Amino acid sequence: MKINSRGRNPTGKTWHFAERVGPHLEGDVALLLPNVQFIYELALAQLELSAFGYEFLVENSLRRIRVWGGDSERFCRRTAYFQYIGDKESVYSRIVAKNRTRSINQYLTHWIYPYKGKFHPQMIRALLNIMGLSEGETVLDPFVGSGTLALEAQLLGINSVCFDISPLCVLQTKVKTESVRFLDEIKGAWQDVQKEANKLLRGNRERDTLDLIRSFDPGPVQDFYMMGFLVAISDTERRRKSFIQAFLKNISLMISSLEDYRELIREEKLQLGTIRVSEGDARALPLADESVDGILTSPPYSIALDYVANDAHALRFMGKDTTEFRNSVIGVRGRGDERVHLYNQDMREALGEMSRVLKPGRYASLVIGNATYQGKVINTVDFVIREAEKRGLSLIRNIDKIIFGLYNVMQRENILIFVKGG
Ligand SMILES: C[S@@+](CC[C@H](N)C(=O)[O-])C[C@H]1O[C@@H](n2cnc3c(N)ncnc32)[C@H](O)[C@@H]1O
């Protein structure tokens, strides 16, 4: 048997890789979930084990890992990459089964709204573990997008504070995390909507549906139906479906996902984390110095995606003037070469804010990729590393990651883990 030591993980523990393992070794076998396929996932799975105090040896199959010395009770509740530890099934393995879509990572409410550039939720759960975030601590996502971090933190009992410049992102984040507490009220309103359904179907007019939604009191119920409305708008735009049929089908599916979530909370006795989400600018965070226990985020990848154009239709329905809005969206501001210059300036400010609000000795993980502009690669990854280090964040991990599904457009991104100070 041969063991190679591979240095420190963010929790300061050593991890090992075994080339050969004898069948006689003691300890439990930890089995990776069947969807775990990539090298970066194996790397994160190993960091997860270290974060929970395990010593381990990876067997030749790469899917079975011999583990010993860790807290298996806690690990079973929190792991993202393992299906079994010994004969105990992980909670995550049951979470992913609560899925109304064909996509393995769109379980519970993650699927609601087809936002471009969503995080992979399993990776986020793992990173929360690797960064050593415990129940009751607070994690920040200053670019929360579709709310992936908020939902994953909520599931682990970690509190989150989230911002996005876009009201559409704030709405998605709220609905995915908050609606489960208002399921009975949402179902009550669904009866009213169904009573009106025939009238709505005859007219098939977006305006009538919007008027009905606006007749609900402002708050979680109205937010839920507004989200269903925007999902239907997006379906109609992209797939040329009948609007009202798409709306009714989506609402029914969204309610089923909330029922799944409520059942999961009961079955697993989950203590959910709290979420504070609001429209806000990552360049000027309304947070005190050294007030968060971790940061996990994905900023715009230079000028790669036009977040305003992608969601212009939905933003207009939310009453947003998209021309003016462009001036505050990072990566979208300006024209031609000026856009890259403005992006760099904005990211310096955003990194300064992240460093200011993070507690010393804690971790900030940024997922980011290079972009291509007029055939030239813009090296956003190196730029972010350099600028973060200037602001007191030291890089301790740089994990190369495939972007599965977007392989023709963007092939890779990086998971950068920084520690403040150090
Ligand atoms: C890569 S996406 C985040 C995706 C997210 N991780 C998810 O899972 O959906 C980047 C986000 O940054 C937001 N953004 C752009 N400029 C911003 C700013 N000045 N302040 C806060 N958020 C901003 C965009 O609206 C977009 O949602």
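In this report, we go over the structure that sits alongside the text. Note that this is a predicted model, so its numbers are computed, not measured.

Attention shifts here to the site of the ligand. In the neighbourhood of the ligand, 23 residues make up the surrounding shell, with Tyr-115, Phe-119, Ser-146, Thr-148 and Asp-164 lying closest. Ile-330 has a polar backbone atom sitting 2.9 Å from a nitrogen atom of the ligand. In the complex, 99% of the free accessible area of the ligand, which totals 600 Å², lies under the protein chains. In the shell around the ligand, the residues fall into 13 nonpolar, 7 polar and 3 charged.

Sheet faces and side chains relate simply in a regular strand, where the side chains alternate between the two faces. What you see with strand E8 (residues 138-141) is no split at all: Thr-138 and Leu-140 on one side and Val-139 and Asp-141 on the other are buried throughout. With helix H5 (residues 148-155) bridging E8 and the parallel strand E9 (residues 159-164), this β-α-β connection has right-handed handedness. The pairing of E8 with strand E11 (residues 292-297) spans 2 bridges and is classified as parallel. Bridge pairing in E11 links Val-139 to Gly-294.

Using the criterion set out here, one finds 30 salt bridges in the structure. Across the pair Arg-74 and Glu-135 runs a salt bridge, and its minimum N-O distance is 3.1 Å. Of the two residues, Arg-74 is situated in helix H2 (residues 72-78) and Glu-135 in the loop between helix H4 (121-130) and E8; the sequence distance between them amounts to 61 residues. Judged by relative accessible area, Arg-74 falls into the partly exposed class, the value being 22%. Glu-135 gets classed as partly exposed once you look at its relative accessible area, which sits at 36%. Glu-135 is the salt-bridge partner of Arg-78, the closest N and O atoms lying 3.3 Å from each other. Of the two residues, Arg-78 sits in helix H2 while Glu-135 sits in the loop between H4 and E8, which places them 57 residues apart along the sequence. Counted as one network, the salt bridges with shared partners bring together Arg-74, Arg-77, Arg-78 and Glu-135.

For the rest of this paragraph, the subject is the side chain of Glu-387. Turning to its location among the elements, Glu-387 is positioned in helix H15 (residues 380-390). Looking at Glu-387, its side chain comes within polar contact range of the side chain of Arg-391, at 2.9 Å. If we ignore the near neighbours within four places in the chain, the residues touching Glu-387 are Arg-348 and Leu-351.

On to the packing of helix H8 (residues 206-214) against helix H10 (residues 243-268), then. Taken N-terminus to C-terminus, the directions of H8 and H10 make an angle of 35°; their axes are 10 Å apart at the nearest point. Helix-helix and strand crossings are classified by hand; for H8 and H10 the assignment is right-handed. For the pair formed by H8 and H10, the contact residues are Glu-206, Thr-209 and Ile-213 on the first element and Phe-243, Ile-244 and Phe-247 on the second. Split into classes, the residues belonging to the contact of H8 with H10 amount to 4 nonpolar, 1 polar and 1 charged.

Let us now look at the sheet that holds strand E10 (residues 275-279). Taken in spatial order, the 7 strands of this open sheet run E10-E9-E8-E11-E12-E16-E15, and their pairing is mixed. Each of the sheet's edge strands pairs with one partner strand only, and the pair in question is E10 and strand E15 (393-402). Across the sheet, the mean angle separating the axes of adjacent strands is 15° when strand polarity is ignored. The sheet contact formed by E11 and strand E12 (residues 358-368) spans 5 bridges and is parallel. From the neighbouring strand, Ile-295 faces E12, where its bridge partner is Ala-364. Its contacts with the sheet place H5 against E8, E9, E10 and E11, and it is angled at close to 175° to E9. Contacts from helix H14 (residues 337-357) reach E8, E11, E12, E15 and strand E16 (412-420) within the one sheet, and its direction differs from that of E12 by about 145°.

Once that is clear, we can look at the pairing of E12. Extensive coverage of E12 is indicated by the burial of 8 of its 11 residues. Alignment of E12 against E16, held across 6 bridges, turns out to be antiparallel. Bridge pairing in E16 places Leu-366 opposite Leu-416.

Here we come to unusual backbone geometry. Of note in the backbone geometry, Leu-108 takes a positive phi value of approximately 45° without being a glycine. With respect to the element layout, Leu-108 can be found in the loop between helix H3 (91-95) and H4. Taking the relative accessible area as the measure of exposure, Leu-108 reaches 0% and is therefore buried. The phi angle at Tyr-113 is positive, at roughly 80°, despite the residue not being glycine. Among the structural elements, Tyr-113 can be located in the loop between H3 and H4.

As a further point, take the packing of aromatic side chains. In total, this model carries 11 aromatic pairs according to the counting rule given. Look at Tyr-54 and Phe-75: their rings are 5.1 Å apart centre to centre, the planes differ by 75°, and that puts the pair in the edge-to-face class. On the criterion of sequence distance, the pair formed by Tyr-54 in the loop between helix H1 (39-51) and strand E4 (55-58) and Phe-75 in helix H2 is long-range, its members being 21 residues apart. Phe-75 matches Tyr-54 in its accessibility class, with the two residues each being buried.

Glancing now at the sheet that holds E4. Hydrogen bonds between backbone groups are what pair the strands of a sheet, and the pairing can be parallel or antiparallel. Spatially, 5 strands are ordered E4-E5-E3-E6-E7 in an open sheet, and the strand pairing comes out antiparallel. Either end of the sheet is taken by a strand with one partner, and the two such strands are E4 and strand E7 (88-89). The sheet contact formed by strand E6 (residues 82-85) and E7 spans 2 bridges and is antiparallel. Within the sheet, the bridge partner assigned to Tyr-84 lies in E7 and is Glu-89.

The rules we used
- Think of each chain on its own: its residues are numbered from 1, step by step along the sequence as written.
- At least 70 in pLDDT is required for a residue's local features to be given in this predicted model, at least 80 for side-chain atom pairs to be given and counted, and no such filter applies to totals for whole chains, interfaces and linings, which use all residues.
- With hydrogens and water set aside, each side-chain value is computed from the structure's full complement of heavy atoms.
- Distances are taken per atom, and a residue is near a molecule or strand as soon as one of its heavy atoms is within 4 Å of it.
- Any pair of N or O atoms that falls within 3.5 Å is considered a polar contact. Within protein, one atom must be able to donate a hydrogen and the other to accept it, and sequence-neighbouring residues count only if both atoms are side-chain atoms.
- Note on areas: these come from Shrake-Rupley sampling with a 1.4 Å probe, and a residue is covered only by the protein chains present in the view.
- Under the convention adopted here, Pro, Cys and the residues Ala, Val, Leu, Ile, Met, Phe, Trp and Tyr are nonpolar, Asp, Glu, Lys and Arg are charged, and Gly plus all remaining residues are polar.
- Only protein chains enter the area calculation, which uses a 1.4 Å probe; residues under 20% of their type maximum are buried, those over 50% are exposed, and those in between are partly exposed.
- Under the scheme used here, helices are H or I runs from DSSP no shorter than 4 residues and strands are E runs no shorter than 2 residues, and both carry numbers assigned from the N terminus.
- The crossover handedness rule: strands pointing away from the viewer, path from first strand over the helix to second strand clockwise, crossover right-handed.
- Whether two strands pair comes down to DSSP finding at least two bridges between them.
- Salt-bridge detection follows one rule: a side-chain nitrogen of Lys or Arg within 4 Å of a carboxyl oxygen of Asp or Glu.
- Note on definitions: a residue-residue contact is assigned when non-hydrogen atoms from the two residues lie within 4.5 Å.
- Structural elements are reduced to axes, namely lines fitted to C-alpha atoms, with helices fitted over the stretch in contact, and the angle between N-to-C directions of any two is expressed from 0 to 180 degrees.
- Take the far helix as your reference; a near helix turned counterclockwise from it by less than a right angle gives a left-handed crossing, and one turned clockwise gives a right-handed crossing.
- Aromatic pairs are defined between Phe, Tyr and Trp rings, using the six-membered ring for Trp, whenever the two ring centres lie within 6.5 Å; interplanar angles under 30 degrees are classed as stacked, those over 60 as edge-to-face, and all others as tilted.

It is worth stressing that arrangement in space is one thing and function is another; only the former is reported here.
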